[in-house]
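Residue-level structural notes
Read off the chains here:
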Amino acid sequence: MQITVTARQCDIGPELRAFAQNRLEKLARFDEAVREVRVIISHERKLHTVELTVHVHHQDIIITESHAEPGAALLMVTHSTRLAARLGRRLHLAAGKLS
């Protein structure tokens, strides 16, 4: 699985990149078809937005969260139970469409 972390109009430290890598490596547990994960952290008007794109079953699943702090926004988007629920629903729908 390839994980890409990108910062737009802001700087993120190596510890935040490592945190994102560690959290997102666990996505392989959901489905072996997860091939690519993209994280885009952007900054606009005192607000950091984290966009998580998971490429699975030939479609992209996009989850977006915003917060004043980039670390908090990243934590919100990668929160295990919330992310598991969203991905679980979308992966179930994607698998149903492929059948």
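Up top is the structure these notes are about.
Below: a short report on this structure.

Conventions used here
Residues numbered from 1 in each chain as written. Predicted model: local features only at pLDDT ≥ 70, side-chain atom pairs only at ≥ 80, totals over all residues. Heavy atoms only, no water. Axes fitted to C-alpha atoms, helices over the stretch in contact; angles between N-to-C directions. Helix = DSSP H or I, 4+ residues; strand = E, 2+ residues; numbered from the N terminus. Parallel < 35°, antiparallel > 145°, perpendicular 65-115°, else oblique. Contact = heavy atoms within 4.5 Å. Nonpolar A, V, L, I, M, F, W, Y, C, P; charged D, E, K, R; others polar. Buried < 20%, exposed > 50% of the residue type's maximum accessible area, 1.4 Å probe, protein only. Core = buried A, V, L, I, M, F, W, Y, C linked by side-chain atoms within 4.5 Å. Salt bridge = Lys/Arg side-chain N within 4 Å of Asp/Glu carboxyl O.

Moving on to the packing of helix α1 (residues 14-24) against helix α2 (residues 70-78). Closest axis-to-axis distance for the α1/α2 pair is 11 Å, and the angle between their directions is 5 degrees. Relative to α2, the element α1 lies roughly parallel. Facing L16, F19, A20, R23 and L24 of α1, the residues of α2 in contact are P70, G71, L74, L75 and T78. When grouped by side-chain class, the residues that make up the contact of α1 with α2 number seven nonpolar, two polar and one charged.

Moving on, we get to unusual backbone geometry. Unusually for a residue other than glycine, Q9 sits at a positive phi of about 60 degrees. Here Q9 lies in the loop between β1 (2-8) and α1. By relative accessible area, which is 67% here, Q9 ends up exposed. Even without a glycine there, the phi angle at K46 is positive, about 65 degrees. The exposed category is assigned to K46, whose relative accessible area is 73%.

This part takes up the nonpolar core. Soluble globular proteins tend to bury their nonpolar side chains together. Ranked by size, the top nonpolar core spans 22 residues in total, and within it V39 and V54 carry the most contacts. Of all elements in the fold, only β1, α1, β2 (36-44), β3 (47-56), β4 (59-67) and α2 reach the threshold of two or more residues within this core. A total of four residues in this core trace back to one element, the largest contributor, which is β3. Residues contacting V39, with those up to four places away along its chain left out, are T4, V5, T6, L24, V50, E51, L52 and L74.

Right, let's get into the pattern of salt bridges. The final tally for this structure, using the stated rule, is two salt bridges. A salt bridge links R38 to E36; its shortest N-O distance comes to 3.2 Å. Assessed through its relative accessible area of 23%, E36 is described here as partly exposed. The salt bridge partner of D60 is R38, with a shortest N-O separation of 3.7 Å. With a gap of 22 residues between them, D60 in strand β4 and R38 in strand β2 connect regions that are remote in the sequence.

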